[in-house]
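Residue strings, one per chain:
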Amino acid sequence: MTRSPINRRAFVTTGALALAGGALGVQPVIGQESVVATRPLGKLGKVDIATNRIIRQVAGLRPFRPSGFVVRAEQRGDKTIIHNYGHGGCGITLSWGTAKMALDLALATPHRTAAVIGAGVIGLTTARLLQDHGFDVAVYAKALPPDTTSNVAAGVFGVTSIADTDELEGPFRARLQEAARFAHRYFQPFVGRSYGVKWIDFFLLGDERPEQPPDFAVTPELYPLTAYEPGQHPFPTRYAASFPTLFAETNVFMPRLLDEVIGRGAAVKVRAFASVEDIGGLAEPLVFNCTGLGAKALFGDAELTPVKGQLTLLLPQQTVDYCYLDGARDLYMFPRSDGIVLGGSHQHDVWSTEPDPEIARAIFDGHREIIDGMG
Ligand SMILES: Cc1cc2nc3c(=O)[nH]c(=O)nc-3n(C[C@H](O)[C@H](O)[C@H](O)COP(=O)(O)OP(=O)(O)OC[C@H]3O[C@@H](n4cnc5c(N)ncnc54)[C@H](O)[C@@H]3O)c2cc1C
């Protein structure tokens, strides 16, 4: 998640936009409007935060492009390459959405045999949708789950760190709307323990009245806020607002996707491609580039840049069944079955995946302040 300035206009227009109709045939959800709470929030389970409950620190690199994700086709020699990469801080969120865009490009070609390069969430959702539409698929990847960035992700549904804020007002806006709306709808039947997908309440905390960040405001109907006044919620900030959202536990969702893709007949091969020429040697005429940050070196995308994010995991706690984000302090908490995830950080252009002890300390102390302050 990311630190974003609040957007008053977006908050108050949520209901109207929800009824206004969607881009490219994807209908927004009707009837989800932001409201002010009429009664105080009930009790919330408190995270048991202590240094002896820390089980690990992890860091990952978000594949960020200032102008947003890339989904496009190009011809290179006898190969049709379909790119699907650059999902920044919300690759889990947008996965099914951009996979559908990539599928549509593939359906316009005569080919029905495809190589998917990459076994993160983007490669695996793309492979599965292709299989659902009759394609014969092989997956090639330098690393498989659990060793992908997608496995590091907290896995909450929320568009964040996807592009520079001014890009959200340009032509990219409609593409983002299309991907987010499709993904939000497509994720829903996966809810259940076998996929690790669930609905969860997400609280935005702040001393100003919380409103939708600009990234959320692109599809405001997906985040219908219930606003809590001071005294109506247990958090130490003045205000809180919640919305129900989807949450994909990547430690369950990723291996399940991989199993399904294999179960539907895909050969999965561990292979690193050093250059585009390497790809030319593949047998498949149609190749999907789902290499995330790897696309920078492989296809020479100069715009791609890492945004390092760090997490501290505490022992799992079943009594905690909500998320929170203090946007002003870049602090967020998500409860997964393999641990309570405490984030976060956003370090642009940092390539190391080693957790930084200073950042770990700041994350821990910041969350302790929030949690100790909860009523
Ligand atoms: C701390 C943190 C928290 C996050 N939280 C969330 C969240 O709550 N919600 C959300 O939606 N998103 C979140 N994200 C963002 C999300 O993790 C990314 O957007 C997503 O993982 C990108 O998926 P991907 O499949 O493109 O990349 P990856 O998961 O990196 O997969 C890329 C694949 O391509 C392969 N590959 C790369 N280069 C080559 C090559 N040259 N040859 C062969 N194979 C190659 C890799 O081995 C891998 O298999 C978070 C990220 C971080 C770091």
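What you see is a predicted model, and the numbers here were worked out from it, not measured in a lab. (Residues numbered from 1 in each chain as written. Predicted model: local features only at pLDDT ≥ 70, side-chain atom pairs only at ≥ 80, totals over all residues. Heavy atoms only, no water.)

Student: I would appreciate a short explanation of the UniProt feature "domain: FAD dependent oxidoreductase" (unreviewed entry) in the chain in the present structure.
Tutor: Feature annotation in UniProt places "domain: FAD dependent oxidoreductase" (unreviewed entry) on residues 52-104 and 115-368, given in this structure's numbering. Between the first and last C-alpha atoms of residues 52-104 the distance is 50 Å; the span itself is 26% helix and 47% strand. Span residues 115-368 is 27% helix and 27% strand, its end C-alpha atoms 47 Å apart. (UniProt positions renumbered as here; feature names shortened; annotations may be inferred. Helix = DSSP H or I, 4+ residues; strand = E, 2+ residues; numbered from the N terminus.)

Student: Sorry, what's going on with the pattern of salt bridges here?
Tutor: Pairing between side chains becomes possible if they bear opposite charge and their charged atoms approach one another. Per the counting criterion, the structure on display carries 20 salt bridges. Between Arg 329 and Glu 369 there is a salt bridge, and its shortest N-O distance comes to 3.5 Å. You can see Arg 329 sitting in the loop between strand S13 (322-326) and strand S14 (331-336) and its partner Glu 369 sitting in helix H9 (residues 357-372), a full 40 residues away along the chain. On the basis of relative accessibility, which here comes to 35%, the residue Arg 329 falls in the partly exposed class. We classify Glu 369 as exposed; its relative accessible area is 54%. When the shortest N-O distance is used, the salt bridge between Glu 358 and Arg 361 registers 3.1 Å. Of the two residues, Glu 358 and Arg 361 both sit in helix H9, three residues apart, roughly one turn of that helix. Accessibility expressed as a relative area gives 54% for Glu 358, which makes it exposed. Linked by salt bridges that have partners in common, Arg 128, Asp 132, Arg 256, Glu 260 and Arg 264 make up one network. (Salt bridge = Lys/Arg side-chain N within 4 Å of Asp/Glu carboxyl O. Buried < 20%, exposed > 50% of the residue type's maximum accessible area, 1.4 Å probe, protein only.)

Student: Quick question: what am I supposed to make of the site of the ligand here?
Tutor: Looking at the ligand, there are 37 residues lining it, with Gly 88, Gly 91, Thr 93, Ala 143 and Ser 150 nearest. Within the contact set of the ligand, an oxygen atom lies 2.9 Å away from a backbone nitrogen or oxygen of Gly 91. The contact in question runs from an oxygen atom of the ligand to an N or O atom on the backbone of Ile 92, over 3.1 Å. Of the residues contributing to the shell around the ligand, the split by class is 18 nonpolar, 16 polar and three charged. Viewed by domain, the shell around the ligand spans two of them, domain 1 (47-62 + 304-375) and domain 2 (66-152 + 251-303), each represented by three or more residues. (Near = heavy atom within 4 Å. Polar contact = N/O pair within 3.5 Å; in protein donor to acceptor, adjacent residues only side chain to side chain. Nonpolar A, V, L, I, M, F, W, Y, C, P; charged D, E, K, R; others polar. Domains from an automatic or database assignment.)

Student: Can you help me understand the domain arrangement of the chain in this one?
Tutor: Buried accessible area, meaning the area lost when the parts come together, often serves as the stated size of an interface. The domain architecture assigned to the chain consists of domain 1 (47-62 + 304-375) and domain 2 (66-152 + 251-303). Inter-centroid distance (C-alpha atoms) of domain 1 to domain 2 is 29 Å. At the interface, 13 residues of domain 1 touch 15 residues of domain 2. Roughly 1100 Å² of surface becomes buried between domain 1 and domain 2 when both sides are summed, with 64% attributable to carbon and sulfur atoms. (Contact = heavy atoms within 4.5 Å. Buried area = accessible area lost by both parts, 1.4 Å probe.)

Student: Would you mind going over helix H5 (residues 172-187) with me for this structure?
Tutor: Side chains of residues three or four places apart in an α-helix project in the same direction, reflecting 3.6 residues per turn. Taking 1.5 Å per residue as the helical rise, H5 with its 16 residues ought to reach 22 Å, and the 22 Å between its terminal C-alpha atoms agrees with that figure. Buried residues along H5 sit in contact with helix H2 (91-107), strand S7 (197-206), strand S9 (239-248) and helix H6 (250-263). (Expected span 1.5 Å × (residues − 1).)

Student: Just checking my understanding: could you explain the packing of H2 against helix H3 (residues 121-132) for this structure?
Tutor: When two helices pack together, you describe them by how their axes are tilted relative to each other and by the distance separating the axes. Relative to each other, H2 and H3 sit at 45°, their axes nearing to 8 Å. Between H2 and H3, the interaxial angle falls into the category oblique. The hand of the H2/H3 crossing is right-handed. Contact residues: Gly 91, Ile 92, Ser 95, Trp 96, Thr 98, Ala 99, Lys 100, Ala 102, Leu 103 and Ala 106 in H2; Val 121, Ile 122, Thr 125, Thr 126, Arg 128, Leu 129 and Leu 130 in H3. (Axes fitted to C-alpha atoms, helices over the stretch in contact; angles between N-to-C directions. Parallel < 35°, antiparallel > 145°, perpendicular 65-115°, else oblique. Left-handed = near helix turned anticlockwise from the far one by under 90°.)

Student: Hey, could you run me through the nonpolar core in this one?
Tutor: Most often, soluble globular proteins have nonpolar side chains that are buried together. Ranked by size, the top nonpolar core spans 71 residues in total, and within it Ile 162 and Phe 288 carry the most contacts. Here this core takes eight residues from H2, the largest share from any one element. Both domain 1 (47-62 + 304-375) and domain 2 (66-152 + 251-303) contribute no fewer than three residues apiece to this core. Formed by 23 residues, the second largest nonpolar core is a distinct cluster that contains Ile 49, Leu 205, Phe 235 and Ala 240. (Core = buried A, V, L, I, M, F, W, Y, C linked by side-chain atoms within 4.5 Å.)

Student: I would appreciate a short explanation of unusual backbone geometry in the present structure.
Tutor: For residues besides glycine, phi is generally negative; the peptide bonds are generally trans as well. For the bond running from Pro 145 to Pro 146, omega is 15°, close enough to zero to count as cis. Checked against the element boundaries, Pro 146 lands in the loop between strand S6 (136-141) and helix H4 (149-152). Residues Gly 343 and Gly 344 are joined by a peptide bond in cis, for which omega reads 10°. Mapped onto the fold, Gly 344 is located in the loop between strand S15 (339-343) and strand S16 (347-348). In this model, Ser 161 sits at a positive phi of 45°, which is unusual for a non-glycine residue. One can find Ser 161 in the loop between H4 and H5. A relative accessible area of 13% places Ser 161 in the buried class. With a phi angle near 55°, Asp 330 is a residue other than glycine that sits in the positive phi range.

Student: Help me out: how do you make sense of the environment of Ala 108 in this one?
Tutor: Relative to the helices and strands, Ala 108 resides in the loop between H2 and strand S5 (113-117). Residues Ala 108 and Ile 54 lie 54 residues apart in sequence; the distance between their C-alpha atoms is 50 Å.

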